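Structural overview
Letter by letter, the chains look like this.
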Amino acid sequence: MSRALGPFAAVLGRDLLLAWRGRADVLVTLAFFVVVVCLFPFGVGAEPNQLRAIAPGVLWVAALLSTLLSLHRLFAQDHADGTLEQLLLTPEPTVLWVVAKICAHWIATGLPLVIVAPGLALLFDVEQGALGVLVLSLALGTPILALLGAVGAALTLGLRGGGMLLALLVLPLFVPVLIFGAGAVDAYLSGSGAQAHLLLLGGGLLGSLALAPLACAAALRIAVE
């Protein structure tokens, strides 16, 4: 176990350090999320009931687009400087460091969205009880977006026009996460309970964690050949 955790921690720490050094890119993702959410009240008006009704969908769509905005950076730098090839040549399991890179990417780009979301939800007059459901749904859903997006990023790595192709590949996969994530808050607000939606998100996270790194590792091997 310790032998496995050593390379995992090394790659995780390295990617978090690189994210800190390139924090301008991280801040762009967060700023995009904030700007998109803040624009909606100006567009639809300040009627409280209407704002409360659209709040879950707005926050989730903004989180989805912000995640999509950052996906192309997941493997691009390592591919450009040859680090990716070196990692693939190491005796350590490829899945191990792929998971570490995805975790670092989510901590740098997804976790800030989860933290900022409750404050932005107050702009839509969302009740206090629903804020916890919103945070939990984002905490479960954004890692799924990162895992699925990593597969798309690996498949389009090094391709001309890869950014557009990446969006076309992953957006259909993101739709169920969007439905259940926003639906959890809607279900809570309607009084029917958010447990079913959150359980589905939890199951999706476990399934993505089991399958996405394997697909991502296979795609990366193809990309560097």
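Residues numbered from 1 in each chain as written. Predicted model: local features only at pLDDT ≥ 70, side-chain atom pairs only at ≥ 80, totals over all residues. Heavy atoms only, no water.

Let me state the cut-off plainly: UniProt positions are given in the numbering used here, feature names are shortened, and annotations may be inferred rather than shown by experiment.
By the naming in an unreviewed UniProt entry, the chain is Heme exporter protein B, taken from Aromatoleum tolulyticum. Per UniProt, the chain carries the Sequence similarities (unreviewed entry) text "Belongs to the CcmB/CycW/HelB family."

Structural notes on the overall build of the chain
To keep things clear, this is the line we draw: Strands are runs of DSSP state E lasting at least 2 residues, helices are runs of H or I lasting at least 4, and numbering of each runs from the N terminus. Just to be clear, the radius of gyration here is over C-alpha atoms, and the globule rule we use is 2.2 Å times residues to the power 0.38. Contacts are residue-level and defined by heavy atoms, with any inter-residue pair within 4.5 Å sufficient. Reported accessibility uses the Shrake-Rupley method at a 1.4 Å probe radius. Residues are deemed covered only where the shown protein chains occlude them. Only four residue types enter the tally: Lys and Arg on the positive side, Asp and Glu on the negative side; His and the chain ends are excluded. We put the charge of a Lys on NZ, of an Arg on CZ, of an Asp on CG and of a Glu on CD.
When helices and strands are counted, the chain shows nine helices and zero strands. When the helices and strands of the chain are placed in sequence order, the string is α-α-α-α-α-α-α-α-α. For 225 residues, the compact-globule estimate of 2.2 N^0.38 gives 17 Å, and the chain sits close to it at 18 Å. With the C-alpha coordinates aligned to their principal axes, the bounding extent of the chain is approximately 55 × 35 × 30 Å. For the chain, contacts bridging at least 24 residues in sequence account for 80% of all contacts bridging at least 6. Summed over its atoms, the accessible surface of the chain is roughly 10,900 Å², and 72% of this surface lies on carbon and sulfur atoms. Each charge sign in the chain was given a centre, from 9 positive and 11 negative side chains, and these centres are 8 Å apart.

Some words on the packing of helix 8 (residues 162–190) against helix 9 (residues 195–224)
For clarity, the threshold we go by: Axis definition: a line fit to C-alpha positions, over the contact stretch in the case of helices; interaxial angles, taken between N-to-C directions, run 0 to 180 degrees. Here is the rule for angles: anything less than 35 degrees is roughly parallel, anything more than 145 is roughly antiparallel, 65 through 115 is roughly perpendicular, and the remaining ranges are oblique. Take the far helix as your reference; a near helix turned counterclockwise from it by less than a right angle gives a left-handed crossing, and one turned clockwise gives a right-handed crossing. Any residue outside Ala, Val, Leu, Ile, Met, Phe, Trp, Tyr, Cys, Pro, Asp, Glu, Lys and Arg is labelled polar, Gly included; the first ten of those are nonpolar and the last four are charged.
At a minimum axis separation of 8 Å, helix 8 and helix 9 run at an interaxial angle of 150°. It follows that helix 8 is roughly antiparallel to helix 9 by the angle criterion. Two packed elements cross with a definite hand, and for helix 8 against helix 9 that hand is left-handed. Between helix 8 and helix 9, the residues in contact are Val177, Phe180, Gly181, Gly183, Ala184 and Ala187 and His197, Leu198, Leu200 and Leu201, respectively. Broken down by class, the residue content of the contact of helix 8 with helix 9 amounts to seven nonpolar, three polar and no charged.

Description of the pattern of salt bridges
As a reminder of what qualifies: Note on definitions: salt bridges are taken to be side-chain nitrogens of Lys or Arg within 4 Å of carboxyl oxygens of Asp or Glu. Residue burial is assigned from relative accessible area. The probe radius is 1.4 Å, only protein chains are included, and a residue is buried under 20% of its type maximum, exposed over 50%, and partly exposed in between.
This model, assessed by the stated rule, comprises five salt bridges. Taking the shortest distance from any N to any O, the salt bridge between Lys101 and Asp15 comes out at 2.9 Å. With a gap of 86 residues between them, Lys101 in helix 6 (residues 94–121) and Asp15 in helix 1 (residues 2–21) connect regions that are remote in the sequence. You can call Asp15 buried: its relative accessible area is 12%.

Brief notes about a nonpolar patch on the surface
Threshold: Patches here: salt-bridge-free residues with over 30% relative accessible area, like charges joined within 9 Å, nonpolar side chains (Val, Leu, Ile, Met, Phe, Trp, Tyr) joined within 5 Å.
Residues Leu155, Leu159, Met164, Leu165, Leu168 and Leu169 make up a contiguous nonpolar surface patch of about 580 Å² in total accessible area. In terms of residue count, helix 8 provides more of the nonpolar patch than any other element does, four residues in total. Checked against the element boundaries, Leu165 lands in helix 8. On the accessibility criterion, Leu165 (37% relative accessible area) is partly exposed.

Digging into the side chain of Asp15
Short version of the rule: Think of a polar contact as two N or O atoms within 3.5 Å of one another; within protein, one of them needs to be a possible hydrogen donor and the other a possible acceptor, and neighboring residues in sequence only count if both atoms come from side chains.
Within the structure, the side chain of Asp15 is placed 2.9 Å from the side chain of Lys101, a separation counted as a polar contact. Those residues within four positions of Asp15 in sequence are excluded, and the remaining contacts are Lys101 and Ala104.

Description of helix 3 (residues 48–70)
As a reminder of what qualifies: For a helix, the expected span equals 1.5 Å multiplied by the residue count minus one.
The end-to-end C-alpha distance of helix 3 is 32 Å, a good match for the 33 Å that 23 residues give at a rise of 1.5 Å each. N-capping of helix 3 is provided by Glu47, with a side-chain oxygen placed 3.2 Å from the backbone N of Asn49.

Concerning the UniProt feature "transmembrane region" (unreviewed entry) in the chain
The feature "transmembrane region" (unreviewed entry), as annotated in UniProt, sits at residues 26–46, 53–75, 95–124, 131–159, 165–189 and 198–224 in this numbering. The span residues 53–75 is 91% helix and 0% strand, and its two end C-alpha atoms sit 38 Å from each other. For residues 95–124, the helix share is 90%, the strand share is 0%, and the end-to-end C-alpha distance is 41 Å.

Here's the deal with the environment of Glu225
With respect to the helices, strands and loops of the structure, Glu225 is situated in the segment after helix 9. The exposure class of Glu225 is exposed, given its relative accessible area of 78%.

Some thoughts on helix 8
For clarity, the threshold we go by: The angle separating two fitted axes, one through the seven residues that finish at a residue and one through the seven that start at it, defines the bend at that residue.
Taking 1.5 Å per residue as the helical rise, helix 8 with its 29 residues ought to reach 42 Å, and the 41 Å between its terminal C-alpha atoms agrees with that figure. The sharpest bend along helix 8 reaches about 40° and sits at Leu171, with the proline Pro172 one to four residues further on. On the buried face of helix 8, the contacting elements are helix 3, helix 7 (128–155) and helix 9. In the stretch just after helix 8, Gly191 is the one whose phi turns positive, near 90°.

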